[in-house]
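Here is what each chain is made of, one letter per residue.
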Amino acid sequence: MASLLKQVQSKTFIFARRSALGLLDGEYGSVFKGRSLDFDELRAYTPGDEVRDIDWKATARHGAPLVKRYVAVRRQTVLLVTDTGRNMAALAASGEYKRDIAVQALGVLGYLAHRHGDVVGLVHGNGAQSRTIPPRSGEDHLERLLQEVDRSTVLDGGPSGIARQLEHVLCTFPRRMLLVVVADELLPDAATEGLLRRLQARHEVLWFTVRDAELARASDAGAFEVADGSGIPAAVAADPVVRAAYLRAGHEREHRRQELFRRLGIAEGRAGGSTEVLPELFALLERHRSRGRHNSKGQRHAG
């Protein structure tokens, strides 16, 4: 079986210069900035310790100054969350399969995490069920994750429903981590918004949307809607009124999704083809870092 990770690496080096890859590495490394220390213990204050490290509540109980001691966290946890329902077996805007674009996006982020010594896990599934592969390190493990996504995404699989995977993450992973969600064009509802709010409060969330193909052209023989298997008559697909309504619905869905992510402070990237994946991931990481910096300033001003 061909290595999907090797394919991802090859495409990554084809579409980016070495300097661009270095910048992408830097953007990834900045995602966890400020969260690289974990509390270890309390110890007696000694001259030279930072005053800001004093634990005043513990000091009051103990009767003598105590400072918090921290240890560096060498590994972070990255959880890849993706839809492997039948919608992702359809075509993307470029004419490529959404599954292939999703594998590339997941592979690039997973590879960056591997280069930084982080552990990577996977949650995937459809609207009926979710499956988890626990976080681990190593390229062999990352290859297993990508192969799992690739072989699970088939036209005769279950219907898509990324909300099921989001709910599974909330119930299964209480500790803060970086979530990289890859799905097709989400149509937000009140329930999904509630899930995203809870996820965003607990984790770092990056969202990557694989854009749908355009309405089938009149020359597309045998085109059908993967969600329900219904055929798309060529005459209907070619009708300018139908096509205009289809485009309006797509724009409305995109606007609602972007507005929801804006309110929640979730950075989103979008790609309709493999050549767009790397630049969109770069922009996604930069937007996430910028929002984090903006939120930190807002918290300081509020204080």
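Please refer to the structure higher up on the page.
As the structure is a prediction and not an experimental result, all values here were calculated from the model. Along each chain, numbering runs from 1 in the same order as the chain's sequence is written. pLDDT decides what is reported in this predicted model: residues at 70 or higher carry local features, side-chain atom pairs at 80 or more are listed and counted, and totals for whole chains, interfaces and linings draw on all residues regardless. Hydrogen atoms and water are omitted, and side-chain values are computed over all heavy atoms in the structure.

1. Side note on the side chain of Arg 257
Then comes step 1: Helix and strand definitions follow DSSP, with helices as H or I runs of at least four residues and strands as E runs of at least two, each counted in order from the N terminus. On the secondary structure map, Arg 257 appears in helix α9 (residues 240-264).
Then comes step 2: In contact with Arg 257, not counting residues within four places along its chain, are Glu 185, Leu 186, Pro 188, Thr 209, Glu 268 and Arg 270. Contacts are assigned to residue pairs with any non-hydrogen atoms lying within 4.5 Å of each other.

2. A few points about the nonpolar core
Then comes step 1: We call a set of buried Ala, Val, Leu, Ile, Met, Phe, Trp, Tyr and Cys residues a nonpolar core when their side-chain atoms join them within 4.5 Å. Burial status follows relative accessibility: with a 1.4 Å probe on protein chains alone, a residue under 20% of its type maximum counts as buried, one over 50% as exposed, and anything between as partly exposed. Ranked by size, the top nonpolar core spans 40 residues in total, and within it Tyr 28, Val 78, Leu 80, Val 180 and Phe 208 carry the most contacts.
Then comes step 2: Here the element with the most residues in this core is helix α4 (residues 98-115); it accounts for 10 residues.
Then comes step 3: Judged by nonpolar contacts, the second largest core, of 22 residues, contains Val 169, Ala 183, Trp 207 and Leu 264.

3. Section: the pattern of salt bridges
Then comes step 1: Salt bridge, as used here, is a side-chain nitrogen of Lys or Arg placed within 4 Å of a carboxyl oxygen of Asp or Glu. Taken as a whole and assessed by the stated rule, the structure comprises 18 salt bridges.
Then comes step 2: One salt bridge in this structure joins Glu 193 and Arg 263, with 3.1 Å as the shortest N-O distance. Remark: Arg 263 occurs in helix α9 and Glu 193 occurs in helix α7 (residues 190-202); sequence separation between them is 70 residues.
Then comes step 3: The residue Glu 268 makes a salt bridge to Arg 270 at a minimum N-O spacing of 3.2 Å.

4. Things to note about the sheet that holds strand β4 (residues 119-125)
Then comes step 1: In this analysis, strands are considered paired if DSSP registers two or more bridges between them. Read across the sheet, 6 strands follow the order β5-β4-β3-β6-β7-β8 without closing on themselves; strand pairing throughout is mixed. Each of the sheet's edge strands pairs with one partner strand only, and the pair in question is β5 (130-136) and β8 (267-271). Averaged over all neighbouring strand pairs, the angle between strand axes comes to 15°, with direction disregarded.
Then comes step 2: Pairing analysis gives 5 bridges linking strand β3 (residues 77-83) to strand β6 (residues 178-183), with the strands arranged parallel. The residue bridging Val 78 from the neighbouring strand is Leu 178, located in β6.
Then comes step 3: Axis geometry follows a simple rule: fit a line to the C-alpha atoms, using only the stretch in contact for helices, then measure angles between N-to-C directions, giving values from 0 to 180 degrees. On top of the sheet, helix α6 (residues 162-172) reaches β3, β4, β5, β6 and β7 (204-210); it is set at about 155° to β3, its chief contact.

5. Points about the packing of α6 against α7
Then comes step 1: Relative orientation of the contacting elements α6 and α7 amounts to 35°, with a least axis distance of 10 Å. For the element pair α6 and α7, the recorded crossing hand is left-handed. Where α6 abuts α7, its residues Ala 163, Leu 166, Glu 167, Val 169 and Leu 170 lie against Thr 192, Leu 195, Leu 196, Arg 198, Leu 199 and Arg 202. In this scheme the crossing of two helices becomes right-handed for a clockwise turn of the near helix relative to the far one and left-handed for an anticlockwise turn of less than a right angle.

6. Regarding the side chain of Thr 153
Then comes step 1: As for its placement among the helices and strands, Thr 153 is situated in the loop between α5 (139-152) and α6.
Then comes step 2: Separated by 2.7 Å, the side chain of Thr 153 and the backbone oxygen of Val 149 make a polar contact.
Then comes step 3: Not counting residues within four places of it along the chain, the set of residues in contact with Thr 153 comprises Thr 84, Gly 85, Met 88, Ala 89 and Arg 99. Think of a polar contact as two N or O atoms within 3.5 Å of one another; within protein, one of them needs to be a possible hydrogen donor and the other a possible acceptor, and neighboring residues in sequence only count if both atoms come from side chains.

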